[in-house]
Every structure is written in structure tokens, then in C-alpha cells.
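Notes for the structure review
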Amino acid sequence: MISASKRIRKAVFPVAGLGTRFLPATKAIPKEMLTVVDRPVIQHVVDEAREAGIEHFIFVTGRNKGVIEDHFDSQFELERTLTERGKRNELDLLARDLPGPGQTSFTRQQAPLGLGHAVWCARELVGNEPFALLLPDMLHHAERPCLADMIAAYNDHGGNLIAVSPVPEDQVHQYGIVGVTDRKAKVSSITKMVEKPARGTAPSNLHITGRYILQPEIFELLADQERGAGGEIQLTDSMIRLMEDLKQPFHAVRFDGRIYDCGSKIGFLAANIAYAMARDDLAPSLQAELRRLLS
Ligand code: G1P
């Protein structure tokens, strides 16, 4: 049983990336604000965290990301106009998505030094408690939110957890990869981790999908983490030290839904189709359009 002080209450969202792969769309708009159907990518990921019971949302932003902060605030003029026009549904929709007062925090990563550095920038806001980390590029599409599965596994096992899923062998060098004791189990002990392994050296084809539950000791290790793959301060390298040097347990939680990498154009387009096809109000017309396009 996990004590109240160890409950996962906070989630960190690193949103400082430049989004160069989506230029010119991302020249003035953060990539996290591009929409999958009618919700920004970042909203989908915050939805996942909220559905898993997260109470505080910490965004690690950067220059030109102010609109993300605005998105998670109330919009007085818009609400007044909608009220005057009697637009009840739209008002309810906005109210439903709005985090409560004091439930969001924003800090800045001042230089693009890598994911490990971005997470370290959240250390004061997280404090001395375990936390969730969600990488907003990766949309996890499933009946039950990935993070909810992970928190359930955390309540049973404690320690640190990482969501994983298999990728084709020719893609393993693009991700963090883990080796586990039992590939078939939903939750399994991690025996090895490597960030972007050279071809032919990966311990398995299970990739780190971008959902983590981490213990606060990770911050001490990130503080002096040397640069790794790609010349960046890599979160995975500090997780390896947490596991191997500090002997903290790490578990892999297998995610069985679909993952859309919205940092890539194809992933982003596929996410739009998949999320629209999952909606009763859009699926029939979209299906007809797709049939017409493909015929
Ligand atoms: C990061 C992580 C990597 C993980 C990936 C998932 O890499 O370092 O371990 O597999 O996210 O998207 P990046 O995408 O920043 O290169």
C-alpha cells in the first residue's frame, strides 16, 4: 500500500521543444498547440493525466510558448461573449477542460540542453515526492489512459515505472530501449536501459513510449548528468544511474494501445484520423471522405 505522501499527485510536461519538423506551421505557434481533431496535442495529454487522477500540472516551457499558458487559463472575454449568445454547450466544454485555480505551474527551460535538463528544471515545483512525466509528442490512444494503468501498477509495486511497447527492429535506434525479465507480463522488472542504441546492440525491441513515474532522487542525478546521445542531457542516462548505482527498482508497464508520434508528420496525420474515427459525430462522414479519397 502506497502512503498518502507517496501518492502520484503531480505531472510534468516538457513543452520547450522548437518543433522544427513542423515549420512553417510552428513558426509562431508551439507544436504542442497543433490540433488533433479539435483539441491541441497538449490538451489530449493533459486529459490523460487528469483521467489518471493527477492534481497538479507542471509545464516546462520555453520562449514563444506563452500561448500554452493562455490555453490553460480562463478566457474572460470569450466566456462573456458565449454567455451573452447563450452558447451553453461551448461554455460547458471550456469549463470542463479548465484546470482548477492553482493547479498549473509553468517554468522555463532556458536552453535546449535535452529532455533530462528539461525535467531537472521542474525540480523545485515537484519537490520531494514521486511524480508522473508525460512527453506530449506521444499520444497514447486506448480505452483506459496509459497513465491510469501506470498508477495502478505503481500502487502495487512502488519504485519507478516506464511505459513500453514493441517497435520494429529498424526503429529501435530512434528510442530509449529497455530489457525486462518477462516480456509477456503486463508489469515486469527492467534489467537494462539504453538511450538510442547503436544498430544491433539493443537489449530488446521494447521502446520507452514517453510515460514515466519517477522518484524524486532522479533530480540529484540529473543535476550533474553528463551529455549523452546526440550531445544532450538524457533522462535515460540518469535513470540508469538511479537503477544501477542507487539500486532503485524500475518496472516496465506494457502499453497495448496505439501510439501516435505527433512530432512526425505521418504520426500527426494518423492521430487526427484515428481520434476522429473514434468519435460518433465524425466517424461516418470521415469514413465516406476517406473512401472517396482512396478510390
Ligand atoms: C525521448 C526519450 C526516449 C523515448 C522517446 C519517446 O527521446 O529520450 O527514451 O523513447 O522520447 O518519444 P526523444 O524523442 O526526445 O529523442
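Notes on the structure in this doc start here. (Residues numbered from 1 in each chain as written. Predicted model: local features only at pLDDT ≥ 70, side-chain atom pairs only at ≥ 80, totals over all residues. Heavy atoms only, no water.)

Now for the overall build of the protein chain. What the protein chain contains, in helices and strands, is 11 helices and 13 strands. The C-alpha radius of gyration computed for the protein chain amounts to 20 Å, which stays within 12% of the reference 19 Å derived for 295 residues, consistent with globular compactness. Taking the principal axes of its C-alpha atoms as reference, the protein chain extends roughly 60 × 50 × 40 Å. A separation threshold of at least 6 residues defines the contact pool for the protein chain, and within that pool the share at least 24 residues apart is 76%. As displayed, the protein chain offers around 15,200 Å² of accessible surface, 51% of which is attributable to carbon and sulfur atoms. In the protein chain, the 35 positive side-chain charges and the 38 negative ones have mean positions that sit 3 Å from each other. (Helix = DSSP H or I, 4+ residues; strand = E, 2+ residues; numbered from the N terminus. Rg over C-alpha atoms; globule rule 2.2 N^0.38 Å. Contact = heavy atoms within 4.5 Å. Areas by Shrake-Rupley, 256 points an atom, 1.4 Å probe, with all protein chains shown as cover. Lys, Arg positive; Asp, Glu negative; His and termini not counted. Charge placed at Lys NZ, Arg CZ, Asp CG, Glu CD.)

Around the ligand sit Leu115, Leu135, Met138, Tyr175, Gly176, Glu195, Lys196, Ile208, Tyr212, Gln234 and Thr236, and that is every residue in its neighbourhood. One of the side-chain nitrogen or oxygen atoms of Glu195 is found 2.7 Å away from an oxygen atom of the ligand. In the environment of the ligand, an oxygen atom lies 2.7 Å from a nitrogen or oxygen atom belonging to the side chain of Lys196. When the free accessible area of the ligand is taken as 380 Å², the share hidden by the protein chains comes to 75%. One can see that the ligand is located within the largest pocket. Residues that form the shell around the ligand fall into these classes: 6 nonpolar, 3 polar and 2 charged. (Near = heavy atom within 4 Å. Polar contact = N/O pair within 3.5 Å; in protein donor to acceptor, adjacent residues only side chain to side chain. 1 Å grid on protein atoms, 1.4 Å probe; cavity = no way out; pocket = protein on both sides within 12 Å on 5 of 7 lines; lining within 4 Å. Sits in = over half its atoms within 2 Å of the grid points. Nonpolar A, V, L, I, M, F, W, Y, C, P; charged D, E, K, R; others polar.)

Pairing of strand β9 (residues 176-180) with strand β10 (residues 187-195), which is carried by 5 bridges, proceeds in the antiparallel orientation. What sits directly across from Val180, in β10, is Ile190. Between β9 and β10, which pair antiparallel and follow one another directly, the connecting turn spans 6 residues. Both β10 and strand β12 (residues 250-254) contribute to a ladder of 3 bridges, which runs antiparallel. Among the inter-strand pairings, Ser188 is bridged to a residue of β12, identified as Ala252. (Pairing = 2+ DSSP bridges.)

Here we come to unusual backbone geometry. Cis geometry marks the peptide bond from Leu23 to Pro24; its omega dihedral reads 5°. At Val37, a position not held by glycine, the phi torsion is positive, near 60°. The backbone of Lys196 sits at a positive phi, close to 45°, despite the residue not being glycine. Summarising the element assignment, Lys196 is placed in the loop between β10 and β11 (206-214).

For the rest of this paragraph, the subject is the nonpolar core. Core analysis: the largest hydrophobic core is formed by 40 residues, its most contacted members being Phe13, Ile54, Phe59, Leu139 and Leu147. Contributing elements (two or more residues each) for this core: β1 (10-14), α1 (41-51), β4 (56-61), β6 (131-134), α7 (146-157), β8 (160-166) and α10 (265-277). Ranked by residues supplied to this core, first place goes to α7 with 7 residues. Setting aside its immediate chain neighbours within four residues, Phe59 contacts Phe13, Val15, Ile42, Val46, Ile68, Phe72, Thr104, Ser105, Phe106 and Thr107. (Core = buried A, V, L, I, M, F, W, Y, C linked by side-chain atoms within 4.5 Å. Buried < 20%, exposed > 50% of the residue type's maximum accessible area, 1.4 Å probe, protein only.)

Estimated volume of the largest pocket: approximately 1,500 Å³. Together, 48 residues line the largest pocket, and Gly17, Leu18, Lys31, Asp137 and Glu232 are the ones closest to its centre. In terms of residue count, the dominant contributor to the lining of the largest pocket is β11 (4 residues). Taken together, the residues of the lining of the largest pocket break down into 20 nonpolar, 16 polar and 12 charged. In this structure, the second largest pocket occupies an estimated 510 Å³ of space. Of all the secondary structure elements, the ones that give two or more residues to the lining of the second largest pocket are α1 and β7 (138-141). Counting residues per element, the lining of the second largest pocket draws most heavily on α1, at 5 residues. Residues that form the lining of the second largest pocket fall into these classes: 8 nonpolar, 3 polar and 9 charged. (Points joined across faces, edges and corners; volume = space filled by probe spheres on them.)

Of all 10 residues in helix α9 (residues 235-244), 8 are buried; the element is thus mostly enclosed. Every buried residue of α9 is listed here: Leu235, Thr236, Asp237, Ser238, Met239, Ile240, Leu242 and Met243.

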